[in-house]
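A look at the structure
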Amino acid sequence: MASRGRPRPGSLQVLAAVLLLAAASAAAAGSPGRPAPGPPLFLPLTRSYPNANRLAGSLRRGLGEGAHPNARMRLHDDLLTNGYYTTRLYIGTPPQEFALIVDSGSTVTYVPCASCEQCGNHQDPRFQPDLSSTYSPVKCNVDCTCDNDKNQCTYERQYAEMSSSSGVLGEDIVSFGRESELKPQRAVFGCENSETGDLFSQHADGIMGLGRGQLSIMDQLVDKGVISDSFSLCYGGMDVGGGAMVLGGMPSPSDMVFSRSDPVRSPYYNIELREIHVGGKALRVDPRVFDSKHGTVLDSGTTYAYLPEQAFVSFKDAVTSKVHSLKKIRGPDPNYKDICFAGAGRNVSQLHEVFPAVDMVFGNGQKLSLTPENYLFRHSKVDGAYCLGVFQNGKDPTTLLGGIIVRNTLVTYDRHNEKIGFWKTNCSELWERLHIGGASSPAPSSDTGSQADMSPAPAPSGLPEFDVGLITIDMSINVTYPNLKPHLHELSELIAKELEIDSRQVRVMNVTSQGNSTLIRWGIFPAGPDNAMSNTTAMVASTRTY
């Protein structure tokens with residue numbers, strides 16, 4: 001049976017960038033003396049590019065067009081058998097091939113390293129840095145955690161289902177396959193030296209991190225200016241599997257349903273879910289139940305959907321009340337108390353005649369209609385039986401929507417415009433539409449002398465002027481949170497003083513403790529009337545360092 005929730009969001013993966021002057025560092029450590037203020041601190045900002053999704057023409061004519069090329073990649077596997085979807089990524093010169101889980105809830109792309117002493121047996125051979133003529137380690141520096149010899153940067157990720165991955169960071173040429181318009185690019189990735197839990201036992205080689213973060217493959221490509229700040233996933237249906245992925249912008253269908261996604265609230269991709277309707281009737285729950293903690297999180301690397309207790313009980317009861325003609329049976333795995341029904345038949349296209357329609361209503365009033373395959377999975381031991389793929393999220397108040405919810409749905413993560421779009425479609429047919437006109441990118445090449453193709457295209461000129469709204473600052477300070485907490489207000493005032501702004505414009509947005517280090521996300525808000533904090537957001541600018 002597929003993994004229940006792998007990978008689930010684990011510890012917050014916050015960017016690490018030390019931006020305070022020596023005065024701030026002294027304050028963080030609790031030192032009574034501070035050096036005299038220096039000159040004002042200037043943060044370089046770059047203007048964002050026009051939205052590449054606003055393209056004329058129909059979806060069929062316009063797929064693949066845009067201000068930047070995109071990486072069009074096939075998806076493989078399926079939810080029931082594997083619990084995830086994978087894509088093929090090529091690393092190094094000559095290229096070494098890997099099957100990676102596409103995961104919008106992770107921020108690092110990593111593969112097993114040849115030197116790994118605790119890695120499982122996966123689909124492909126481990127990455128061998130010595131065999132790549134373009135590989136280089138990310139050398140130890142003040143902005144990363146280093147190995148014991150202080151030679152190379154390291155990474156470590158832990159997930160809520162108790163699996164983990166750790167290793168060193170390297171940089172090499174990454175290729176996206178023959179169908180991609182995007183040429184190979186240099187990127188930083190993790191070379192695993194240890195993995196535990198589901199990561200150790202899974203068939204896939206590793207993770208392709210699509211989340212927000214310094215090491216995310218999306219952030220790296222966007223920072224290079226080679227793709228627009230958007231990506232799309234389309235998972236196949238219950239009996240088909242596979243699908244398509246696009247890194248970069250693509251035109252939105254005219255009837256795509258959108259929800260706002262707030263990058264300030266959480267590092268995870270969230271949506272504004274307000275109601276769930278079953279059989280046309282809204283669940284009798286307070287809409288605020290979907291807005292706790294991180295809000296409603298969309299995570300492509302999680303298999304199923306998880307609701308807070310109140311919402312789950314209401315959803316379960318509503319569905320059960322609509323299927324009187326079916327027999328309730330035990331689930332396929334005795335370790336879980338699955339809610340399953342027999343007698344529905346094998347034809348997925350006819351499940352709507354037995355199971356109720358489910359609608360998700362967003363904060364803007366738009367509605368995403370789900371078919372039964374978006375909340376059911378096949379019983380692996382009883383023919384014609386199905387089980388709820390929606391579970392209670394323990395005592396966690398977060399609403400977590402995994403891959404099952406978006407089967408046969410094109411999901412566009414429009415990070416530039418801070419929204420996520422949904423469009424019901426046949427994902428295998430969508431893949432064929434992505435190849436109208438063919439792809440122009442060469443296959444992964446073993447040529448070590450063609451580095452000219454790796455440089456990003458120049459930024460467009462003549463961009464419109466606009467006012468800066470919100471700036472986020474992510475910093476890592478080598479002080480434990482209990483010792484740092486009393487000084488947060490003082491740090492806020494120091495930042496405000498250096499930026500020559502009102503202290504009310506500086507606010508702590510996220511604090512995460514990792515061992516002896518504290519990771520902090522600050523928000524620098526625009527001034528409103530009378531210099532008060534304004535809620536208007538025109539752009540987000542983050543500093544990123546390795």
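Residues numbered from 1 in each chain as written. Predicted model: local features only at pLDDT ≥ 70, side-chain atom pairs only at ≥ 80, totals over all residues. Heavy atoms only, no water.

1. Observations regarding the overall build of the protein
Across its full length, the protein carries nine helices and 32 strands. Relative to its full complement of 546 residues, the protein shows a buried share of 56%. A separation of at least 24 residues holds for 72% of the contacts in the protein among residues at least 6 apart in sequence. Looking at the protein as shown, the accessible area adds up to about 23500 Å², and 49% of this sits on carbon and sulfur atoms. (Helix = DSSP H or I, 4+ residues; strand = E, 2+ residues; numbered from the N terminus. Buried < 20%, exposed > 50% of the residue type's maximum accessible area, 1.4 Å probe, protein only. Contact = heavy atoms within 4.5 Å. Areas by Shrake-Rupley, 256 points an atom, 1.4 Å probe, with all protein chains shown as cover.)

2. Quick look at the packing of aromatic side chains
Evaluated as defined, the whole model comprises 16 aromatic pairs. Measuring from centroid to centroid gives 5.9 Å for Phe-315 and Tyr-375, while their planes differ by 90°, and the two rings are edge-to-face. Taken together, the positions of Phe-315 in helix 6 (residues 309–320) and Tyr-375 in the loop between strand 22 (367–370) and strand 23 (376–378) put the pair 60 residues apart, joining distant regions of the chain. Between Phe-355 and Tyr-386, the ring centres sit 6.3 Å apart and the planes meet at 80°, which makes this aromatic pair edge-to-face. With Phe-355 in the loop between strand 20 (340–342) and strand 21 (358–362) and Tyr-386 in strand 24 (residues 386–388), this residue pair connects regions lying 31 residues apart in the sequence. You can call Phe-355 buried: its relative accessible area is 2%. (Phe/Tyr/Trp six-rings, centres within 6.5 Å; stacked < 30°, edge-to-face > 60°.)

3. Structural notes on empty space enclosed by the protein
Under the definition given, this model contains nine cavities of 30 Å³ or more. Space inside the second largest cavity adds up to approximately 80 Å³. Of all the elements in the fold, those that place two or more residues in the lining of the second largest cavity are strand 18 (305–307) and strand 21. (1 Å grid on protein atoms, 1.4 Å probe; cavity = no way out; pocket = protein on both sides within 12 Å on 5 of 7 lines; lining within 4 Å. Points joined across faces, edges and corners; volume = space filled by probe spheres on them.)

4. With respect to the UniProt feature "active site" (unreviewed entry) in the protein
Using the residue numbers shown here, the UniProt feature "active site" (unreviewed entry) corresponds to Asp-103 and Asp-299. Across 197 residues of sequence, these annotated residues stay compact in space, with a maximum C-alpha separation of 6.9 Å. Considering the arrangement of structural elements, one finds Asp-103 in strand 3 (residues 96–103). Among the polar contacts listed, one links the side chain of Asp-103 to the side chain of Ser-106, at a separation of 2.5 Å. Counting through the fold element by element, Asp-299 comes out in the loop between strand 17 (296–298) and strand 18. Within the structure, the side chain of Asp-299 is placed 3.1 Å from the backbone nitrogen of Gly-105, a separation counted as a polar contact. (UniProt positions renumbered as here; feature names shortened; annotations may be inferred. Polar contact = N/O pair within 3.5 Å; in protein donor to acceptor, adjacent residues only side chain to side chain.)

5. Quick notes on the pattern of salt bridges
Opposite charge on two side chains makes pairing possible when the charged atoms of those side chains draw close. This structure, assessed with the given rule, holds 14 salt bridges. Between Asp-219 and Arg-415 there is a salt bridge, with the nearest N and O atoms lying 3.0 Å from each other. You can see Asp-219 sitting in helix 5 (residues 217–224) and its partner Arg-415 sitting in the loop between strand 27 (409–414) and strand 28 (419–424), a full 196 residues away along the chain. Among the ionic pairs, Glu-272 bridges to Arg-260, the shortest N-O distance being 3.7 Å. Taken as a pair, Glu-272 in the loop between strand 14 (270–271) and strand 15 (273–278) and Arg-260 in strand 13 (residues 257–260) lie far apart in primary sequence, 12 residues in all. Arg-260 sits in the partly exposed class, given a relative accessible area of 39%. In the salt-bridge network here, residues are joined through shared partners; they are Arg-88, Glu-97 and Asp-124. (Salt bridge = Lys/Arg side-chain N within 4 Å of Asp/Glu carboxyl O.)

6. Structural notes on the nonpolar core
Of all hydrophobic cores here, the largest spans 90 residues; its most connected members are Leu-210, Leu-247, Phe-315 and Phe-355. With five residues, the single largest contributor to this core is helix 6. Core analysis: the second largest hydrophobic core is formed by 16 residues, Ile-101, Cys-153, Tyr-159 and Leu-169 among them. (Core = buried A, V, L, I, M, F, W, Y, C linked by side-chain atoms within 4.5 Å.)

7. Structural notes on the side chain of Thr-93
Along the chain, Thr-93 falls in the loop between strand 2 (86–91) and strand 3. Given the relative accessible area of 3%, Thr-93 is considered buried.

8. Side note on the pairing of strand 11 (residues 230–235)
Most of strand 11 sits out of view: six of its six residues are buried. What you see with strand 11 is no split at all: Ser-230, Ser-232 and Cys-234 on one side and Phe-231, Leu-233 and Tyr-235 on the other are buried throughout. Relative to strand 27, strand 11 runs antiparallel, the two sharing six bridges. From the neighbouring strand, Leu-233 faces strand 27, where its bridge partner is Val-411. The sheet contact formed by strand 11 and strand 12 (residues 243–247) spans four bridges and is antiparallel. Across the sheet, the residue bridging to Phe-231 is Leu-247, located in strand 12. (Pairing = 2+ DSSP bridges.)

9. Here we look at the sheet that holds strand 19 (residues 327–329)
Pairing between the strands of a sheet is mediated by backbone hydrogen bonds and can be parallel or antiparallel. Here four strands make up an open sheet; going across it, the order is 19-20-24-23 and the pairing antiparallel. Edge positions in the open sheet fall to strand 19 and strand 23, since each of these has one partner strand only. Direction aside, the axes of adjacent strands within the sheet are offset by 35° on average. Pairing of strand 19 with strand 20 involves three bridges; the strand directions are antiparallel. Among the inter-strand pairings, Ile-329 is bridged to a residue of strand 20, identified as Cys-340. (Axes fitted to C-alpha atoms, helices over the stretch in contact; angles between N-to-C directions.)

10. Re the confidence of the model for the protein
Considering every residue of the protein, the mean pLDDT works out to 78; 76% of them sit at 70 or more. Considering only residues more than four positions removed or in separate chains, one finds that residues 1–66, a stretch of pLDDT under 50, has 189 contacts. Low pLDDT (under 50) marks residues 528–546, which in the prediction has 56 contacts with non-local residues, meaning those over four places away or in another chain. (pLDDT = per-residue confidence, 0-100.)

11. Points about the state of the cysteines
Under the criterion given, the structure shown has six disulfides. The disulfide partner of Cys-140 is Cys-146, and the S-S distance across this bridge is 2.0 Å. Measuring the twist about the S-S bond at about 90°, one finds the Cys-140-Cys-146 disulfide to be right-handed. Accessibility expressed as a relative area gives 18% for Cys-146, which makes it buried. The partner cysteine of Cys-234 in its disulfide is Cys-427, sulfur to sulfur 2.0 Å. On the S-S bond that ties Cys-234 to Cys-427, the torsion sits near -80°, and the link is left-handed. Of this pair, Cys-234 sits in strand 11 while Cys-427 sits in helix 7 (residues 427–433), placing them 193 residues apart in sequence. Residue Cys-427 is classed as buried on the basis of its relative accessible area, which comes to 0%. Sequence-ordered numbering of the bonded cysteines in the protein gives a pairing of 1-8, 2-3, 4-6, 5-7, 9-12, 10-11. (Disulfide = S-S within 2.5 Å.)

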